[in-house]
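Remarks on the overall topology
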Amino acid sequence: MEEILRVEGLSKTFTLSRKQQKIEHTTNKKKVAVDSLSFTANRGEIFGLLGPNGAGKTTTLRMLSTLIHPDSGDAWLDGCSVISDPEGVRAKIGFLTSELKLEDFFTPNYLFSFFSQLHSVPEEVMKQRKEQMFARFGIDKFAEVKVANLSTGMKQKLSLVISLVHDPEIIIFDEPTNGLDVLTARTVTDYLQELRGLGKTIILSTHIFSLVERLCDRVGIIIDGKLCVCGSLSEVCDGMTIEDRFFEIYKQQKGGEE
Amino acid sequence: MNNNAQPSEGTPVFQQTERKGNTMTIIKKEFARFFGDRSLFFTSVIMPGLLIYIIYSLMGDGIGKMIEEGSNDVVAVSVENMPPSLAPMLTSIDTNISFVNTGFGQPDIDKLENKDLNVVLLRFPANFDSIVASYDPASGAPAQNVEIYYNSANNASSRVYTELTAALTAYEDQMSNRFDINRADSEEQLFDCATMDDKGAMIWSKLLPMLIIMMLFSGTMAIAPSAIAGEKERGTIATLLVTPMRRNELALGKVVSLSCMALLSGISSFLGIALSLPKMVGGAENVEIPFNYAFGDYAALLLIILSAVLIMASAVSILSALAKDVKNAGTMITPFMLVIVFAGLMPMFQSGVPQNVVVYAIPFYNSIETLTAVFGHDLSWTAVIVTLVSNIAYAGLAVWGLSRMFNSEKIMFGK
């Protein structure tokens with residue numbers, strides 16, 4: 001098995017505003033979102049980061065995609081460091097989250113070409129991929145419709161397609177099925193499996209147990225910014241369902257505090 | 001397992017082409033957005049010029065109408081004790097006055113309250129001519145009083161009052177005239193030795209620099225917030241930031257495209273003013289202010305304007321990148337605009353342009369002063385070059401700052 005992602009001691013602390021302190025019921029000005037996280041992922045697998053809301057999943061993925069900088073630690077994606085070669089990292093990955101929006105004014109056709117250019121995709125390849133991807137997700141009929149006029153499901157499918165214009169080796173997906181209707185969610189999860197079949201590596205975050213069971217080869221459980229357990233699905237589950245196992249770990253982790 | 005995952009062969013479907021500059025890609029996208037969105041183009045380019053033209057023209061027409069109104073209406077003037085010496089002069093001042101020699105009393109004066117009556121009542125003292133002739137101003141006794149009753153709310157009545165007052169004042173001056181000042185004995189004799197060109201240059205150099213800078217700035221203000229703060233607010237900037245594009249390419253692309261759009265919007269406003277100004281000043285006056293500038297002046301003008309737009313677009317871009325959303329950007333830009341207005345007013349309160357070259361390194365102020373120099377026929381290429389070089393340097397600095405900001409998670413993603 002070939003290692004394609006290595007995360008070493010990644011940490012991130014946020015400064016809380018007064019308002020945020022009130023919401024979190026704390027007088028601490030600092031909040032450790034990610035606490036020296038280390039794990040690896042192999043080429044051609046789906047790796048899941050499982051954890052409750054606020055556990056630090058999104059922060060981790062945003063550090064991996066170089067949108068935010070770690071306070072300490074580093075991560076290498078297909079050999080590129082998020083610290084020393086963020087542009088190299090961005091060329092290797094496709095990052096998708098609901099926070100990344102597409103400009104309402106443009107059409108899928110224009111956006112696909114625009115982002116292909118930013119990723120230096122050759123013209124010929126771009127045309128071919130556009131045709132293929134648009135057909136795969138049923139965007140072809142809406143290729144000239146402005147994003148503003150697309151249905152929510154179509155917008156999400158387009159976001160997925162746009163994040164993959166450059167056929168990246170690593171796909172980082174924050175909460176892949178959040179906010180999707182059942183049909184779109186199914187399309188997306190099917191496609192992730194298809195990508196794995198093509199040898200792509202997928203790193204996703206989720207709080208949905210069934211999604212982990214159905215998709216992930218390996219999983220890391222993250223609670224309060226710390227990675228509690230990491231391994232193949234069967235190793236982590238240890239004969240239990242992932243849900244039971246998660247709550248067992250959660251109790252162990254939180255037990256001391258309550 | 002090795003410590004650092006090394007780049008591997010993998011199974012890439014294609015080889016990425018050599019990394020090209022993305023600045024042009026960004027500029028093209030901004031242009032596609034700007035020119036493709038008819039309502040955006042209309043509100044930021046067509047409308048400013050059109051609105052200014054319409055408003056100024058209407059104001060000009062309004063003023064013209066106010067002046068003209070009542071100018072052709074016939075006014076009945078009742079004159080009590082018309083002095084024989086004045087009768088020929090008074091009856092010739094306006095063909096639209098019908099004089100009636102008659103006495104009048106309080107009831108007639110009361111009737112004047114009705115503003116629809118085109119009436120003026122003029123009362124001379126009896127024996128006006130002889131009293132005036134024998135009057136000695138040195139005696140200290142009060143002078144004779146001529147009474148003119150009129151209604152200022154009636155344009156015609158008011159007009160005739162002004163005409164009568166002017167005629168009588170002139171008559172009085174003529175009686176006691178001891179000397180004249182600058183009486184031209186022929187049309188060629190000019191006492192003001194400034195050439196018409198210099199007079200024009202003086203007017204343009206006070207008026208145009210501020211106008212140009214203000215128009216360019218309002219153009220920038222109309223466009224920049226939505227291009228950067230708007231992208232932040234809508235979450236579309238993050239989508240750009242996860243591509244391999246360098247931050248400085250994004251910053252440069254934004255600043256250059258915004259400068260072009262701001263220039264267009266500024267030109268539109270300027271055309272609006274230039275075309276409506278003659279109407280505003282009023283064609284009736286027949287004032288022709290000469291506008292004579294050489295090729296060098298125009299070249300300097302163009303260069304200064306381009307560099308000024310560049311520096312404005314970069315400054316507004318920085319503010320707009322700092323802002324949370326478009327609304328916040330507007331609030332942040334307003335104080336900055338006041339500074340620009342203040343700098344724009346400076347030439348009005350000073351004579352000549354500063355000679356110290358260092359002054360031309362002060363952003364915004366330098367553009368105003370060099371524009372003033374160009375319009376005032378006082379062009380110094382040293383000043384222009386210092387202005388251009390410093391403006392480009394500041395813009396470069398701003399682009400660098402902006403790319404740092406695009407890289408800052410606090411600024412880009414801070415809530």
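Along each chain, residues carry numbers from 1 onward, in the same order as the chain's sequence is written. For this description, chains carry letters from A and ligands carry numbers from 1, given in the order in which they are written. Thresholds applied to this predicted model are a pLDDT of at least 70 for local features of residues and 80 or more for the giving and counting of side-chain atom pairs; totals over whole chains, interfaces and linings are not thresholded and use all residues. By convention in this description, side-chain values take in all heavy atoms of the structure and omit both hydrogens and water.

With respect to the helices and strands, the residue Leu-102 of chain A is situated in the loop between strand 6 (93–96) and helix 4 (108–118). When the C-alpha atoms of Leu-102 of chain A and Arg-218 of chain A are compared, they prove to be 31 Å apart, with 116 residues separating the residues in sequence. In this description, contact between two residues means that some pair of their heavy atoms is separated by no more than 4.5 Å. Residues within four places of Leu-102 of chain A in sequence aside, it is in contact with Leu-111, Phe-115, Val-147, Leu-158, Ser-159 and Ile-162 of chain A together with Thr-236 and Thr-239 of chain B. Only runs of H or I of at least four residues qualify as helices and only runs of E of at least two qualify as strands under DSSP, and these elements are numbered from the N terminus.

A separate point is the sheet that holds strand 10 (residues 226–232) of chain A. All names here are of chain A. As summarised here, the arrangement of the six strands in space is 6-7-8-3-9-10, forming an open sheet in which the pairing is mixed. In this open sheet, the two edge strands, each paired with only one partner strand, are strand 6 and strand 10. Averaged over all pairs of adjacent strands, the angle between their axes in this sheet comes to 15 degrees, without regard to strand direction. Two strands pair under a simple rule: DSSP has to find at least two bridges between them. Of the pairings in the sheet, the one linking strand 7 (residues 170–174) to strand 8 (residues 201–206) comprises five bridges and is parallel in character. Pairing of Ile-170 across the sheet is with Thr-201, part of strand 8. Note on method: axes are straight lines fitted to C-alpha atoms, helices fitted across the in-contact stretch only, with angles between N-to-C directions ranging 0 to 180 degrees. Contacts from helix 10 (residues 242–255) reach strand 3 (46–50), strand 9 (218–223) and strand 10 within the one sheet, and its direction differs from that of strand 9 by about 35 degrees.

We now examine a nonpolar patch on the surface. Nonpolar side chains (Val, Leu, Ile, Met, Phe, Trp, Tyr) are joined into patches within 5 Å and like charges within 9 Å, using only residues with over 30% relative accessible area and no salt bridge. Here the Shrake-Rupley method, with its probe set to 1.4 Å, supplies the accessible areas, and only the displayed protein chains count as covering residues. Should a side-chain nitrogen of Lys or Arg be within 4 Å of a carboxyl oxygen of Asp or Glu, the pair is scored as a salt bridge. Nonpolar side chains collect at one region of the surface, where Phe-42, Ile-46, Leu-50, Ile-54 and Leu-58 of chain B lie side by side and expose about 440 Å² of accessible area between them. Only protein chains enter the accessibility calculation, which uses a 1.4 Å probe; a residue whose area is less than 20% of its type maximum is buried, one above 50% is exposed, and one in between is partly exposed. Here Leu-50 of chain B falls in the partly exposed class, since its relative accessible area comes to 42%.

Attention now moves to the sheet that holds strand 4 (residues 72–77) of chain A. Where strands meet in a sheet, backbone hydrogen bonds hold them as pairs that are either parallel or antiparallel. All names here are of chain A. Read from one edge to the other, the open sheet built from four strands follows the order 2-1-4-5, with strand pairing classed as antiparallel. Across the chains shown, the open sheet's two edge strands, defined by having one partner strand only, are strand 2 (30–42) and strand 5 (80–81). Most of the contacts of helix 2 (residues 57–64) go to strand 1 (residues 3–15), to which it runs at about 120 degrees, and overall it touches strand 1, strand 2 and strand 4.

This part covers the domain arrangement of chain B. One can read the domain layout of chain B as domain 1 (23–62 + 196–413) and domain 2 (75–170). Domain delimitation in this document rests on an assignment produced automatically or drawn from a domain database. On a C-alpha basis, the centres of domain 1 of chain B and domain 2 of chain B stand 57 Å from each other.

With that settled, the discussion passes to the packing of helix 5 (residues 123–137) of chain A against helix 6 (residues 152–163) of chain A. Residues and elements named next belong to chain A. As a packed pair, helix 5 and helix 6 sit with axes 10 Å apart at the nearest point and diverge in direction by 150 degrees. For the pair helix 5 and helix 6, the crossing hand works out as right-handed. On helix 6, the residues that touch Met-133, Phe-134 and Phe-137 of helix 5 are Met-154, Lys-157, Leu-158, Leu-160 and Val-161. Residues were grouped as follows: Ala, Val, Leu, Ile, Met, Phe, Trp, Tyr, Cys and Pro as nonpolar; Asp, Glu, Lys and Arg as charged; and all remaining residues, including Gly, as polar. In terms of residue class, the contact of helix 5 with helix 6 is built from seven nonpolar, no polar and one charged. Definitions for this section: a left-handed crossing has its near helix turned counterclockwise from the far helix by less than a right angle. A right-handed crossing has that turn clockwise.

All names here are of chain A. Along the chain, the position of Thr-97 falls in the loop between strand 6 and helix 4. Taking the relative accessible area as the measure of exposure, Thr-97 reaches 6% and is therefore buried. At a separation of 2.7 Å, a polar atom in the side chain of Thr-97 contacts the main-chain amide nitrogen of Glu-99. A 3.5 Å cut-off defines polar contacts: any pair of N or O atoms within that distance qualifies, except that in protein one atom must be a possible hydrogen donor and the other a possible acceptor, and neighbouring residues in sequence count only when both atoms are side-chain atoms.

It is worth spelling out unusual backbone geometry at this point. With phi around 50 degrees, Asp-167 of chain A is a residue other than glycine that occupies positive phi space. Turning to its location among the elements, Asp-167 of chain A is positioned in the loop between helix 6 and strand 7. In this structure, Asn-127 of chain B takes a positive phi of about 55 degrees despite not being glycine. Structurally, Asn-127 of chain B can be placed in the loop between strand 3 (119–123) and helix 5 (128–134).

Okay, the nonpolar core next. Counting 142 residues, the largest nonpolar core has Leu-5, Phe-115, Leu-158 and Ile-172 of chain A as the members making the most contacts within it. Considering each element in turn, this core owes the most residues, 13 residues, to helix 7 (residues 196–234) of chain B. Counting 19 residues, the second largest nonpolar core, distinct from the first, contains Leu-86, Phe-99, Phe-124 and Ile-148 of chain B. The nonpolar core is taken to be a set of buried Ala, Val, Leu, Ile, Met, Phe, Trp, Tyr and Cys residues, with the residues joined through side-chain atoms within 4.5 Å.

In this model helix 1 (residues 23–36) of chain B runs 19 Å from its N-terminal to its C-terminal C-alpha over 14 residues, within 8% of the 20 Å that 1.5 Å per residue would give. Every buried residue of helix 1 of chain B is accounted for by Thr-23, Thr-25, Ile-26, Ile-27, Lys-29, Glu-30 and Phe-34 of chain B. Here the expected span of a helix is defined as 1.5 Å times the quantity of residues minus one.

Moving on, we get to the packing of aromatic side chains. Residue and element names in this part refer to chain B. Here is the rule: rings of Phe, Tyr and Trp (six-membered ring for Trp) pair when centre to centre is within 6.5 Å. Planes less than 30 degrees apart are stacked, more than 60 are edge-to-face, and the remainder are tilted. Summed over all chains, the structure comprises 21 aromatic pairs over all chains. Ring centres of Phe-35 and Phe-41 lie 5.6 Å apart, and the angle between their planes is 45 degrees; this geometry places the pair in the tilted category. Ring centres of Phe-104 and Tyr-149 lie 6.1 Å apart, and the angle between their planes is 85 degrees; this geometry places the pair in the edge-to-face category. Taken as a pair, Phe-104 in the loop between strand 2 (97–101) and helix 4 (106–111) and Tyr-149 in strand 4 (residues 147–149) lie far apart in primary sequence, 45 residues in all. Phe-104 gets classed as buried once you look at its relative accessible area, which sits at 8%.

Here we take up the packing of helix 5 of chain A against helix 7 (residues 182–197) of chain A. Residue and element names in this part refer to chain A. Look at helix 5 against helix 7: their axes get within 11 Å of each other, and the N-to-C directions meet at 135 degrees. Classified by the angle between their axes, helix 5 and helix 7 sit oblique to one another. Contacts between helix 5 and helix 7 involve Met-133, Arg-136 and Phe-137 from the former and Thr-187, Asp-190, Tyr-191 and Glu-194 from the latter. Looking at side-chain class alone, the contact of helix 5 with helix 7 contains three nonpolar, one polar and three charged residues. With respect to orientation, any angle under 35 degrees is reported as roughly parallel, any angle over 145 as roughly antiparallel, any angle of 65 to 115 as roughly perpendicular, and every other angle as oblique.

Turning to the pattern of salt bridges, a few remarks are in order. In the structure shown here, the tally under the stated rule is 34 salt bridges over all chains. Between Lys-226 of chain A and Asp-35 of chain A there is a salt bridge; the shortest N-O distance is 3.7 Å. Taken together, the residues Lys-226 of chain A in strand 10 and Asp-35 of chain A in strand 2 connect sequence positions 191 residues apart. Here Glu-103 of chain A ties to Arg-33 of chain B by a salt bridge, and the two come within 3.5 Å at their closest N and O atoms. One end of the pair, Glu-103 of chain A, is in the loop between strand 6 and helix 4; the other, Arg-33 of chain B, is in helix 1, on a second chain. The network of salt bridges with shared partners includes Glu-2, Arg-43, Asp-78, Lys-92, Arg-129, Asp-167, Glu-169 and Lys-200 of chain A.

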